Amino acid sequence: MSRPLGESAFEETTIERLKRIGYEYFHAQELFQRGEREQLQEVVLFNRFEAFIKKAYPNIPDQEIRRLISIITSPDGVNLIQRNQVFHQMLVKGVEFTYELNGEPFTPHIFPIDWNFPENNDFLVVNQLSIEGRMSRRPDIVIYINGLPLIVFELKNPNSETATVKDAFTQIQNYTYDISQLFNYNAFTVVSDNVETKHGMPFADYDFFASWKSIDGRNVDNNRANTMRTLIEGLFPKDRLLNYIRNFIVFLKSGDKTKKIGAKYHQFFGVNFAVKETVRATRPEGDRKIGVMYHTTGSGKSLSMLFFAGILSRHPELNNPSIVIQVDRNDLDEQLYDTFVEGESLIGKVERASSTEKLRTILRGEATPVVFSTIEKFRLKGEETQHPVLSERRNIVVIADEAHRTQSGFEGGYAAQLRFALPNASHIGFTGTPVDFVGNNTEEIFGHTIHRYDMAQAVADKATLPIYYESRLIPLDLTAEDIDEQFEDIFVDNGEGDETEGYKRKWAALEKVVGTPKRLKRLANDIVSHFNSMANPFQKAMIVCMSRQIAADLYNCLKEVEGCPKMEVIMTGDVSKDPREWREIQEGSQYSHIKSKKEQEDVKAKLRDPEDPLKFVIVVDMWLTGMDAQPLSYLYVDKPMKGHNLMQAIARVNRVFPGKEGGIVVDYIGIATSLKEATHKYTTGGGNGNPAYDITEAIRIFNENLESVRNYIPSNIVIDGWRHKPQIDREDFIADIVNVLLNSDTEDYIQYATKLEKSYQLVKNQQEVMVLADEVTLYLMLKAQLRKHLRPPGGNGGGNKTLEEQLSALLDQNLLAKETVDIFKVVGIERQDISILDEQFLADLSKKEHEDLRLKLLKKLLEDKIKVTFKQGSPQTKTMQELLEKTLTEYHNRVIQAADVVRMMIKMRKEMEEEMRKRQDLGLSEEEIEFYKAITSMEDAAFSNEYLANLIHRVVNELKKKLDVDWTSPHRQDVYAKVKLAVKMVLMKEKVTGQQLQFLTNKFMEQAEEQYKGWPMDA
């Protein structure tokens, strides 16, 4: 019996792959025989490096070349990563080398690699290179470029179950100590057992090594077999490898710590595609719309932006561009800005516009490589009605972070003003959550999608971790039969008898039910119990509440639970509404609930530090986007969320962290349906394609509605220029119009203004509508003020705190919170974690077209179905008990429905897995599967699966031999007949006759026409 192929065979095939793409190869022994290496301690091939320098810089004298080589190959640094960084900077940025020739000084800029012309460099593969260091070691493969050892491969036997890729990684880690001189020069390393092939930095943890899963950047190869082929063909062609080393490796320095990071495949390809689109868009004939980069939250979007900006800043066709990085909030600005500051070695200095005036000064300048600004810095000043032009240069690139937010909003004016300020700038949107909601279509603003990397692929690649879902319910019962009488008594005592209806609705609402003290005490106990029983010592949790009051109350409840870890509340402040105690330092903390910006940053640092005792942060809206903390592993959700807000929130727990298997979402409020819908949207790349609605029709409707609203404004009132009136004059001007409208058909005006607002959402980013933004804004302001005037005096009495407190007590006294229920157990689902990102999770939605909400709105506008309700509440008074019971039913149903969704998903997953196993057993290819499905859909299936699979193999093989261009066209009937005859011949050989022969022939031909109609492109 012959022995199975081992590690040496894998090594040989890997070398052969590299030779096929033009690499030279020598065994390490041959280097000694050829005189290219003299000592085992040497890792640089000095002869080759010298030969390159002489060829590239022939004017440098020989004796000076040896000094130059010594400088480049002797990087300074106290520790290994410092030496590696110094060498990398010399490698990619070159060195200024001064020498004298005939008494005249010369200072050429020397690059150890010819980055512009890859073929001018020497690419060499060496295997079994013995190296003497602290120990004697022999890496499997080293790739040299111009004699410099830049990449190290460590391989393990694909045919041995005990030899794993993790073993190869451990070996690399030990090499950095035993033969550290090799890693002074290392760009990155590769570890593989051919089942898994990963690339990464020798100083990084194993969790940060990644697979390379694409050869062309468009098609993803998720096959587990032959992963080395995908890496070699996808990354190691000479031009790509040089591009990666030069542009996609960065050293991030934070304090006294330095991390070396290399791009993953989706970042490499996505950024390169984006650079190509930038060059196109910025040319004189370009449309200035670069496009949209959709890389899911947590997959390294900030680094992609850093790599992108770095390449643009050096790109010859852009001629020293200015790059404006535009965000919509300061907290996002901080995180992204910090990444760019830490990556200074790649991008250089960055500026941040701290004020509108500073932004204008910077952008009027000619040479500002990178500037950060929030969108609101593009505000108007003083008497301005339109933002002044700051620069007309075409080589300005505006990068919008989280492009689905206010960057695409024109109603506030900032996005429009930015385009007035930089009329020839080109725009690109980076987003982790592409949305396609009403009036906020990312692709219409920025252009087509350049590159897509969704959640499902990120989890498959382990770029982010899977997120698992649990559903828990705190049952609530209404205990008092006389709650209506108690309710009325409170109002009589407070002299508020006429306001009972509004209060009934308010206090029966979900938030009031969720926030009752009895329920919060149950919730606090359950969270502490769950976390302490599940989490390891380094993991942390985020708790999401419905309101600031609930967040503060839950904090107090948690304090009373034995074993509750250290925690903090993170929420916004409102100086006119906050209770005083929210601004007092809390017991067990050094902070108040309302924290300064510096205090928030301190808490964030504690949350990111796995050793810090802080374990819980309680939030409402803050930190649900744009905040990364790798130890965050649990998200306790007690707030209804949906869409991109939900996806951003759950992504807080998907970050890679050593020893972390995945994030856990624990649902107390019933988010499963929203989660499913949002996950489907983002894993199938929501927002793909062109808008389906007719923009011309939408503009027509907008203009009709605008004209209708204009008719209500007296002809003697001049609207133009209202915004730049002095403040007092402007306020008086608006008040005068409001008075006029209050004395006319007020409700009719509101109806038409509402229709105008809805139609404006569809067209506000169109050039002909942008110029009308100020006028529309005025009409909508008038509508808002009129609505206020139509409300009863005093509103809903929200300021009567005594009344609020009494009603809160009434609810708490009459609601009973029972023991928390594990919904999975109640409905008989086996105790298991269900990954919300599993492909099977989405199976039942995969056939449905995503609803275009803009199209739905346009349809409503066309049918004139936009209505406004003026009176709050129903004409019939509903009892407090009815309203509470309705709210409690909805509360319970939300969570119970979550269990139904999960159960359905488990069933679907099992069915799909069974079908996939069946197909795998039959050995059918993807194209053959379609024939199999077509034939087995016949009601009178009379063949065994094995027989049918063999038949399909033979038929498909024979019919493809007869295919030709346009074979289904009427003028190619002869070719069609040959294909059909080939099908019949195979069937007849297999003894298929009579009616079955006719049925099968027709089925095969129908499927062939469908599958191969575009032959040979569809082959």
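Here the structure is a predicted model, which means the values were calculated and not measured.

Their axes nearest at 10 Å, the elements helix 36 (residues 973-989) and helix 37 (residues 994-1011) cross at an angle of 135 degrees. Classified by the angle their axes make, helix 36 and helix 37 are oblique. Both helix 36 and helix 37 take part in a crossing whose hand is right-handed. Here Y976, V979, K980, V983, K984, L987 and M988 of helix 36 come into contact with helix 37, specifically with L997, L1000, T1001, N1002, F1004, M1005 and E1009. In terms of residue class, the contact of helix 36 with helix 37 is built from nine nonpolar, two polar and three charged.

This paragraph deals with a negative patch on the surface. Together, D729, E731, D732 and D736 make up a region of like negative charge exposed at the surface. Its relative accessible area of 60% is what places E731 among the exposed residues.

Right, let's get into helix 13 (residues 356-364). Those residues of helix 13 not exposed but buried are T356, L359, R360, I362 and L363. The arc that holds every buried residue of helix 13, seen down its axis, measures 165 degrees, which confines them to one face. The elements touched by buried residues of helix 13 are strand 17 (322-327), strand 18 (351-352) and strand 19 (370-374).

So, about a nonpolar patch on the surface. Among the surface-exposed residues, L981, M985 and M988 lie close enough to one another that they form a single nonpolar patch of about 300 Å² accessible area. Relative to the helices and strands, M985 resides in helix 36. Looking at M985, the relative accessible area reads 41%, which means it is partly exposed.

Spatially, 18-19-17-20-21-16-22 is the arrangement adopted by the seven strands of the open sheet, whose pairing is parallel. What marks the edges here is a single partner per strand, and that holds for strand 18 and strand 22 (449-453). Along the sheet, helix 9 (residues 265-282) contacts strand 16 (289-295), strand 20 (396-401), strand 21 (426-431) and strand 22; its crossing angle with strand 16, the most-contacted strand, is approximately 170 degrees.

The next thing to look at is the pattern of salt bridges. Scanning the model with the defined rule gives 38 salt bridges in all. For the salt bridge of E36 with R34, the shortest nitrogen-to-oxygen distance reads 2.8 Å. Under the relative-accessibility criterion, E36 is labelled buried at 10%. Residue R34 is classed as partly exposed on the basis of its relative accessible area of 48%. The salt bridge involving R972 is made with D964; its shortest N-O contact spans 3.4 Å. Taking the relative accessible area as the measure of exposure, D964 reaches 33% and is therefore partly exposed. Each of E24, R34, E36, R48 and D122 takes part in salt bridges that share partners, so that together they form one network.

Counting residues in hydrophobic clusters, the biggest one holds 119 residues, and the most contacted among them are F188, F236 and F340. Here F340 is in contact with S302, M305, L306, A309, I325, I347, V350, V370 and F372, once residues within four sequence places are set aside. Within the second largest apolar cluster, 64 residues are counted, among which are M542, V544, I550 and I570.

Let's shift gears to the pairing of strand 26 (residues 566-570). For strand 26, a buried count of four out of five residues is recorded, marking the element as mostly surrounded by other parts of the structure. Bridging between strand 26 and strand 27 (residues 614-619) involves five bridges; their strand directions are parallel. Looking at the pairing, V569 lines up with I618 of strand 27.

The rules we used
Residues numbered from 1 in each chain as written. Predicted model: local features only at pLDDT ≥ 70, side-chain atom pairs only at ≥ 80, totals over all residues. Heavy atoms only, no water. Axes fitted to C-alpha atoms, helices over the stretch in contact; angles between N-to-C directions. Helix = DSSP H or I, 4+ residues; strand = E, 2+ residues; numbered from the N terminus. Parallel < 35°, antiparallel > 145°, perpendicular 65-115°, else oblique. Left-handed = near helix turned anticlockwise from the far one by under 90°. Contact = heavy atoms within 4.5 Å. Nonpolar A, V, L, I, M, F, W, Y, C, P; charged D, E, K, R; others polar. Patch = residues over 30% accessible without salt bridge, like charges linked within 9 Å, V, L, I, M, F, W, Y side chains within 5 Å. Areas by Shrake-Rupley, 256 points an atom, 1.4 Å probe, with all protein chains shown as cover. Salt bridge = Lys/Arg side-chain N within 4 Å of Asp/Glu carboxyl O. Lys, Arg positive; Asp, Glu negative; His and termini not counted. Charge placed at Lys NZ, Arg CZ, Asp CG, Glu CD. Buried < 20%, exposed > 50% of the residue type's maximum accessible area, 1.4 Å probe, protein only. Arc of directions from axis to C-beta. Pairing = 2+ DSSP bridges. Core = buried A, V, L, I, M, F, W, Y, C linked by side-chain atoms within 4.5 Å.

Read these as spatial facts, not as claims about activity.
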